[in-house]
Amino acid sequence: MTTDDVPLDELPLIEADVLVVGAGPTGLMAALVLARRGLRAEVIDSKAGPTRESRAIVVQARSMEIYDQLGLAEQVRDGAQPAIGLQLRPTTDRGAVDFAHVQSGWTSYPGVQIFEQSRTEEMLSSALAAEGRPVRWGHRLVALHEGAEEADEGVDARILGPGGSSRIRARWCIGADGASSTVRHLLGLPFEGVTDDATFCVADLRGVTGLPDDRLSARFGKESFAIIFPLGSGGHARLICLSPTDSPDQQEVLAAARADLGLTWTSVDWFSAYRVHHRIASHFRMGPTFLAGDAAHVHSPLGGQGMNTGLQDSHHLANLLADVARGRLAPAALERYERERLPVARKLIAVTDRAFGLIARPGRGVALLRRGFSGAFAGLVPTVLSSPLGRRLGGLLGQYRIRYRAVPKGQRPPRWAADPAVGLRLPPTADNRDSLRSLGWQLHTYGYGHGTDRPVVPDWVEGPSAFGADVRGRLRSDRLYLVRPDGFVAASFPLHAGATATAEVAEALAAYDVIG
């Protein structure tokens with residue numbers, strides 16, 4: 001009898017709070033947040049070790065804020081190539097999209113950091129190992145069963161590793177195992193969507209000439225177009241371009257890029273081709289099992305949003321699981337993960353991906369429209385960026401303008417949720433940065449100028465902490481803000497002589513399933 005034939009309850013047992021399947025950026029982020037919150041997470045991955053290819057490379061502002069919360073932001077900055085915007089024309093500044101400028105003051109990390117996925121995985125897996133929770137590389141999920149022992153909760157998983165089969169029993173499972181997710185297949189969840197007609201190619205190049213080191217670049221040719229990401233000095237760059245054929249050959253594709261886009265380079269480090277998929281799981285949760293990252297949603301890599309969305313999925317979910325495990329929130333609070341993150345994925349697919357889909361089709365006719373659009377857009381850029389729309393677009397691109405609604409859109413919010421700040425991540429001010437690193441629930445005031453009474457809240461809610469006024473006026477001086485561990489504003493209470501209405505506070509806490 002092999003270990004594959006041994007009944008599950010006779011296999012060597014590993015117990016954990018959470019089983020994380022997949023050690024890409026999404027799974028590693030989930031496990032690291034869980035470890036920092038005091039939970040035991042077991043991470044398995046069928047790979048032999050962290051990804052060696054660069055794959056996803058863009059780290060947006062909101063992801064940097066999360067890294068800052070975990071003490072990793074400076075490590076990313078030290079190893080990243082910063083980019084402040086997008087260059088639409090190869091020989092002029094006309095039409096330069098300076099998203100770092102429109103994001104300045106709204107985030108501590110304006111612009112983007114070009115930091116390869118391989119380095120992200122190495123950083124996160126090393127941080128996780130330092131917490132005493134190294135990844136179990138070379139282990140794959142074979143079967144997943146709900147209902148650990150007599151309790152009607154938890155999962156039992158059969159794992160196959162180098163030494164044979166074993167069993168991991170956990171209260172919850174996170175499927176962060178990519179677009180071909182074994183967890184999603186075992187759950188039988190549909191993964192609906194479309195695949196674009198166009199084929200894209202990606203190449204990491206050396207010695208590229210004529211590109212700025214601090215910006216992404218767009219090139220529009222007679223047949224094709226490309227987005228070029230700076231990877232470092234000396235013309236080190238990533239090229240993502242339309243393929244001239246459905247079955248791309250490296251030499252043919254790169255020759256076409258030279259001829260049609262006017263690019264030159266000295267060597268190629270890596271080349272691959274792919275079709276762009278826009279797909280989303282029907283649910284992000286089934287019982288004790290959750291999906292995150294590419295296991296839950298896939299979309300175009302051109303916008304640099306995919307890895308960042310997965311990091312935010314897992315950061316959001318891990319904080320919820322930790323609060324429930326520690327008895328701070330009722331289990332019903334876990335419903336908020338799908339309720340809040342599923343609309344984010346849908347919006348990303350409906351807006352960002354569809355926009356790229358319109359300009360990313362092959363053919364001379366579409367190429368002509370692309371060139372016309374780029375010229376018109378270049379003329380509008382200064383006006384757009386200087387308007388409130390520019391600030392909003394900068395926030396959407398940086399993923400720090402995501403809103404989690406207290407009630408469905410169209411319904412009148414309760415008084416504690418009527419403040420525009422509620423549902424948004426707490427904006428940075430001159431002195432609240434250290435406080436946001438606590439991974440705990442907090443109470444804040446901004447420029448109130450008087451002593452603030454502590455309302456009736458559980459003892460694990462920190463504060464009230466008094467900060468200086470928000471000079472941009474996003475946070476009101478006559479309000480007490482309840483802030484979640486993920487940095488989002490949960491509620492806003494009017495202050496009257498330093499006190500808040502007890503009934504409003506109780507109503508808000510009940511809405512978030514707070515215990516105590």
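Up top is the structure.
Remember, predicted model here, so these are calculated numbers, not experimental data. Along each chain, numbering runs from 1 in the same order as the chain's sequence is written. Per-residue local features are limited, in this predicted model, to residues with pLDDT of at least 70; the limit for side-chain atom pairs, both in listing and counting, is 80 or more; totals at the level of whole chains, interfaces and linings are taken over all residues. Only hydrogens and water are set aside; all other atoms, that is, all heavy atoms of the structure, feed into the side-chain values.

Colleague: Please explain the environment of Ala 56 as it appears in this structure.
Modeller: The numbering of helices and of strands both runs from the N terminus, where a helix is a DSSP run of H or I of at least 4 residues and a strand a run of E of at least 2. Structurally, Ala 56 can be placed in the loop between strand 2 (41-45) and strand 3 (58-59). Overall, the relative accessible area of 26% leaves Ala 56 in the partly exposed class. A contact between two residues is defined here by any heavy atoms of the two lying within 4.5 Å. Those residues in contact with Ala 56 that sit more than four places away from it in its chain are Phe 115, Glu 116, Gln 117, Arg 238 and Met 307. Between buried and exposed lies partly exposed: a residue is buried under 20% and exposed over 50% of the maximum accessible area for its type, with that area taken using a 1.4 Å probe on protein chains only.

Colleague: Even after reading the chapter, I still don't get the sheet that holds strand 11 (residues 191-206), so can you show me in this structure?
Modeller: Spatial strand order, 5-12-13-14-11-15-18: seven strands in an open sheet with mixed pairing. Only two strands of the sheet have a single neighbouring strand rather than two, namely strand 5 (85-87) and strand 18 (297-298). Relative to strand 14 (residues 236-242), strand 11 runs antiparallel, the two sharing six bridges. Following the sheet pairing, Asp 204 is matched in strand 14 by Arg 238. Its contacts with the sheet place helix 7 (residues 250-261) against strand 11, strand 12 (215-220), strand 13 (225-232), strand 14 and strand 15 (267-281), and it is angled at close to 95 degrees to strand 15. Paired strands are those between which DSSP finds at least two bridges. Structural elements are reduced to axes, namely lines fitted to C-alpha atoms, with helices fitted over the stretch in contact, and the angle between N-to-C directions of any two is expressed from 0 to 180 degrees.

Colleague: What is the right way to read a positive patch on the surface from this model?
Modeller: For patches, a residue must show more than 30% relative accessible area and have no salt bridge; joins then use 9 Å for like charges and 5 Å for nonpolar side chains, namely Val, Leu, Ile, Met, Phe, Trp and Tyr. The accessible surface values rely on the Shrake-Rupley method and a 1.4 Å probe; as for residues, cover is taken only from the protein chains in view. Salt bridge, as used here: a side-chain nitrogen of Lys or Arg that lies within 4 Å of a carboxyl oxygen of Asp or Glu. Under the convention used here, Asp and Glu are negative, Lys and Arg are positive, and both His and the chain ends fall outside the count. Charge coordinates come from a single atom per side chain, which is NZ of Lys, CZ of Arg, CG of Asp or CD of Glu. Judged by side-chain charge, Lys 347, Arg 392, Arg 403, Arg 405 and Lys 409 come together as a positively charged surface patch. Take Lys 409: it is sitting in the loop between helix 11 (388-398) and strand 19 (442-446). In this structure Lys 409 comes out as exposed when scored by relative accessible area, which is 72%.

Colleague: Which parts of the structure should I look at to understand the packing of helix 2 (residues 61-69) against helix 8 (residues 306-325)?
Modeller: Any two packed helices are characterised by how steeply their axes cross, that is the angle between the axes, and by the distance between the axes. With their axes 9 Å apart at the nearest point, helix 2 and helix 8 run at an angle of 40 degrees to one another. Compared by their axis directions, helix 2 and helix 8 come out oblique. Crossing handedness for the pair helix 2 and helix 8: left-handed. For the pair formed by helix 2 and helix 8, the contact residues are Arg 62, Ser 63, Ile 66, Tyr 67 and Gln 69 on the first element and Asn 308, Leu 311, Gln 312 and His 315 on the second. All residues other than Ala, Val, Leu, Ile, Met, Phe, Trp, Tyr, Cys, Pro, Asp, Glu, Lys and Arg, Gly among them, are scored as polar; the first ten of these are nonpolar and the last four charged. When its residues are assigned to classes, the contact of helix 2 with helix 8 shows three nonpolar, five polar and one charged. With respect to orientation, any angle under 35 degrees is reported as roughly parallel, any angle over 145 as roughly antiparallel, any angle of 65 to 115 as roughly perpendicular, and every other angle as oblique. Working rule for handedness: look at the near helix, and if it is turned counterclockwise from the far one by less than a right angle, call the crossing left-handed; if clockwise, right-handed.

Colleague: So what exactly am I meant to see when it comes to unusual backbone geometry here?
Modeller: Most peptide bonds are trans, and most residues other than glycine sit at a negative phi. Here Gly 463 and Pro 464 are connected by a cis peptide whose omega angle stands at 10 degrees. Here Pro 464 is to be found in strand 20 (residues 462-467). If you check the backbone angles, Gln 399 has positive phi at about 65 degrees while not being a glycine. Inspection of the secondary structure puts Gln 399 in the loop between helix 11 and strand 19. A relative accessible area of 5% means that Gln 399 is categorised as buried.

Colleague: Is there a simple way to think about a nonpolar patch on the surface in this case?
Modeller: Side chains of Leu 389, Leu 393 and Leu 396 sit close together on the surface and give an oily, nonpolar patch of about 240 Å² of accessible area. Relative to the assigned elements, Leu 396 resides in helix 11.

Colleague: When you look at the sheet that holds strand 20 in this model, what are you seeing that I'm missing?
Modeller: Each strand in a sheet pairs with another by means of backbone hydrogen bonds, the pair being arranged parallel or else antiparallel. Strand order across the open sheet formed by four strands is 20-19-21-22, with mixed pairing between neighbours. Pairing within the sheet leaves two strands with one partner each, and these edge strands are strand 20 and strand 22 (489-494). Pairwise comparison of adjacent strand axes, ignoring direction, gives a mean angle of 25 degrees for this sheet. Where strand 21 (residues 479-483) and strand 22 come together, five bridges link them in antiparallel fashion. Residue pairing across strands places Val 483 opposite Val 489, the latter belonging to strand 22.

Colleague: Can you help me understand the side chain of Ser 166 in this one?
Modeller: In this structure, Ser 166 sits in strand 10 (residues 164-175). We classify Ser 166 as buried; its relative accessible area is 13%.

Colleague: Would you mind going over the pairing of strand 19 with me for this structure?
Modeller: Burial of strand 19 is extensive: five of the five residues sit out of reach of the surface. The side-chain alternation of strand 19 yields two buried faces, one formed by Gln 442, His 444 and Tyr 446 and the other by Leu 443 and Thr 445. Here strand 19 pairs with strand 21 via three bridges, running antiparallel. Bridging from a neighbouring strand, His 444 pairs with Tyr 481 of strand 21.

Colleague: Is there a simple way to think about the packing of helix 1 (residues 25-36) against helix 8 in this case?
Modeller: Across the interface, helix 1 lies against helix 8 with an axial gap of 8 Å and an inter-helix angle of 30 degrees. Taken together, helix 1 and helix 8 sit at an angle that is classed as roughly parallel. Regarding helix 1 and helix 8, the two cross each other, and that crossing is right-handed. Along the contact surface, helix 1 presents Pro 25, Thr 26, Met 29, Ala 30, Val 33 and Leu 34, while helix 8 presents Met 307, Gly 310, Leu 311, Ser 314, His 315, Ala 318, Asn 319 and Leu 321. Looking at the contact of helix 1 with helix 8 residue by residue, the classes come out as nine nonpolar, five polar and no charged.

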